[in-house]
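Geometric and topological summary
Here's the letter readout for the chains.
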Amino acid sequence: MARDRSQDDYSGPLKRLLLAVLILCLLGLFLVWRIDSPRVERFRAQVVDAVVPRMDWAMAPVTATVRILRDFQSYQRIYEQNQELRRELRQMTAWKEAALQLEQENAKLRDLNNVRLDPRLTYITGVVLADSGSPFRQSVLINVGSRDGIVDGWATMDGIGLVGRISGVGANTSRVILLTDATSRIPAVIQPSGQRALVVGDNTNAPPIDFLEDPDQVRPGDRIVTSGDGEVFPPGLLIGEVAQDPGGRLRARLAADYERLEFLRVLRDHGARRVTNPSALITPEDLPDAPPDNAEQTDG
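1. Focus: the overall build of the chain
Scanning the chain for helices and strands turns up 4 helices and 12 strands. Within the chain, buried positions represent 27% of all 300 residues. Here the contacts in the chain between residues at least 6 apart in sequence split such that 55% fall between residues at least 24 apart. Surface exposure of the chain reaches about 21,100 Å², of which carbon and sulfur atoms provide 56%.

Quick look at the structure:
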């Protein structure tokens, strides 16, 4: 206990002495730093030159911290710019998609305008609203109807070839039966041989060619156009070209792009005979009277 008391008796005055010396040193340093004299200025310069280069180790954490803060601020600015560029990129992507769609629509409309038709034929262009195709029926809806003068049975084309015929007309819409439908039968002429045939729909993208007069004169790649027989379709409309399946059967590779039907041209064929009585296509409306067999026998 006596030793502890003696240490306390000496430590108190020693601390006060050290504090007084530190205060005197700081006061002297302050006075030296405030004196305006060439000698003192040289002394201050020598002190700074001697002390400051050796204080790099003490300033390293501060310098590193400042660099980290600057790098963080720079990273934050880069992140904000990146987010802004991403937003602009999304907007540009949407504009690009819209521009591509408009370009495709314009190309298809230009294709429709480039199709050469009989000058006596006029047409109206409709937009495909829905595809109601099924394994048993191939058809689409277009946004033109009776208010536009559409008549049942008129032919429809895309930018290249024949697509189908109008089968069902409403006030504002019409249904188009495609050439691939199982009920479709198109009288056709195969060029250049001039062979007549029927393009028979079977719910596939390549309907078969039946009832050929002389199949030996037909070759794959021959052009198929409508013949105009029956006055249902105008003559000379492009259907496609002849192809041969692995089984050797001749089929029609259709010219129309059935995968992307967006616009259809409905041909106004005012000179064609309208189908008002479907049964008349099978049997004539008025059958001739049978000869009186009994009368002949009586005369005999």
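2. Looking at the nonpolar core
Ranked by size, the top nonpolar core spans 38 residues in total, and within it L162, I224 and I239 carry the most contacts. Aside from chain neighbours lying at most four places away, what touches I239 is L162, L179, I186, A188, V199, I224, V225, T226, R253, L254 and A255.

3. Focus on the sheet that holds strand β12 (residues 263-268)
If you walk around this closed barrel you meet the 6 strands as β1-β2-β5-β4-β3-β12, and the pairing is antiparallel. With direction set aside, neighbouring strand axes in the sheet form an average angle of 45°. Relative to strand β5 (residues 174-178), strand β4 (residues 162-169) runs antiparallel, the two being bridged by 4 bridges. Looking at β5, one finds that G164 is bridged to L178.

4. Concerning the sheet that holds strand β11 (residues 250-254)
Ordered in space as β8-β7-β6-β9-β10-β11, the 6 strands form an open sheet in which the pairing is antiparallel. Because the sheet does not close on itself, it has two edges, and the strands there are β8 (209-210) and β11. Note that strand β9 (residues 223-226) and strand β10 (residues 238-244) share 3 bridges and pair antiparallel. Of the residues in β10, the one forming a bridge with I224 is G240.

5. Describing the packing of aromatic side chains
Taken as a whole, this structure holds 0 aromatic pairs when the rule is applied. The aromatic ring of Y123 is capped on one face by R265, whose charged end is 3.7 Å from the ring centroid.

6. What about the environment of E241?
For E241, the position within the fold is in strand β10. Separated by 51 residues in the primary sequence, E241 and I190 place their C-alpha atoms 8.3 Å from one another. Dropping the residues within four chain positions of it, E241 is found in contact with G221, D222, R223, I224, R251, A252 and R253.

7. Concerning the side chain of S174
In this fold, S174 is placed in strand β5. Side-chain polar atoms of S174 contact the backbone oxygen of V144, separated by 2.6 Å. Not counting residues within four places of it along the chain, the set of residues in contact with S174 comprises V140, L141, I142, V144, G145, I150, I166, G168 and V169.

8. Quick notes on unusual backbone geometry
Excluding glycine, a negative phi dihedral is what most residues carry, and trans is how most peptide bonds are arranged. Of the consecutive residues Q191 and P192, the connecting peptide bond is found in the cis state with omega at 15°. Secondary-structure assignment places P192 in the loop between β6 (185-191) and β7 (195-200). Even without glycine at this site, N203 takes up a positive phi of about 65°. For N203, the location among the structural elements is in the loop between β7 and β8. Unlike most non-glycine residues, F211 shows phi in positive territory, near 60°. With respect to the secondary-structure elements, F211 resides in the loop between β8 and β9.

9. Structural notes on the pairing of strand β1 (residues 122-131)
Bridge analysis of β1 against β12 gives 6 bridges, and the strand direction is antiparallel. Residue pairing across strands places V127 opposite F263, the latter belonging to β12. In the sheet, β1 pairs with strand β2 (residues 139-142) via 3 bridges, with the strands oriented antiparallel. For A130, the partnering residue across the bridge sits in β2 and is L141.

10. Notes on the confidence of the model for the chain
Of all residues in the chain, 73% attain a pLDDT of 70 or more, and the chain-wide mean is 77. With pLDDT under 50 throughout, residues 277-285 is counted as low confidence; its partners more than four residues away or in other chains account for 4 contacts. A low-confidence stretch, residues 294-300 stays under pLDDT 50, and its non-local contacts, those more than four residues away or across chains, total 1 contact.

Conventions and cut-offs
- Residues numbered from 1 in each chain as written.
- Predicted model: local features only at pLDDT ≥ 70, side-chain atom pairs only at ≥ 80, totals over all residues.
- Heavy atoms only, no water.
- Helix = DSSP H or I, 4+ residues; strand = E, 2+ residues; numbered from the N terminus.
- Buried < 20%, exposed > 50% of the residue type's maximum accessible area, 1.4 Å probe, protein only.
- Contact = heavy atoms within 4.5 Å.
- Areas by Shrake-Rupley, 256 points an atom, 1.4 Å probe, with all protein chains shown as cover.
- Core = buried A, V, L, I, M, F, W, Y, C linked by side-chain atoms within 4.5 Å.
- Pairing = 2+ DSSP bridges.
- Axes fitted to C-alpha atoms, helices over the stretch in contact; angles between N-to-C directions.
- Phe/Tyr/Trp six-rings, centres within 6.5 Å; stacked < 30°, edge-to-face > 60°.
- Lys NZ or Arg CZ within 6 Å of the ring centre and 35° of its normal.
- Polar contact = N/O pair within 3.5 Å; in protein donor to acceptor, adjacent residues only side chain to side chain.
- pLDDT = per-residue confidence, 0-100.

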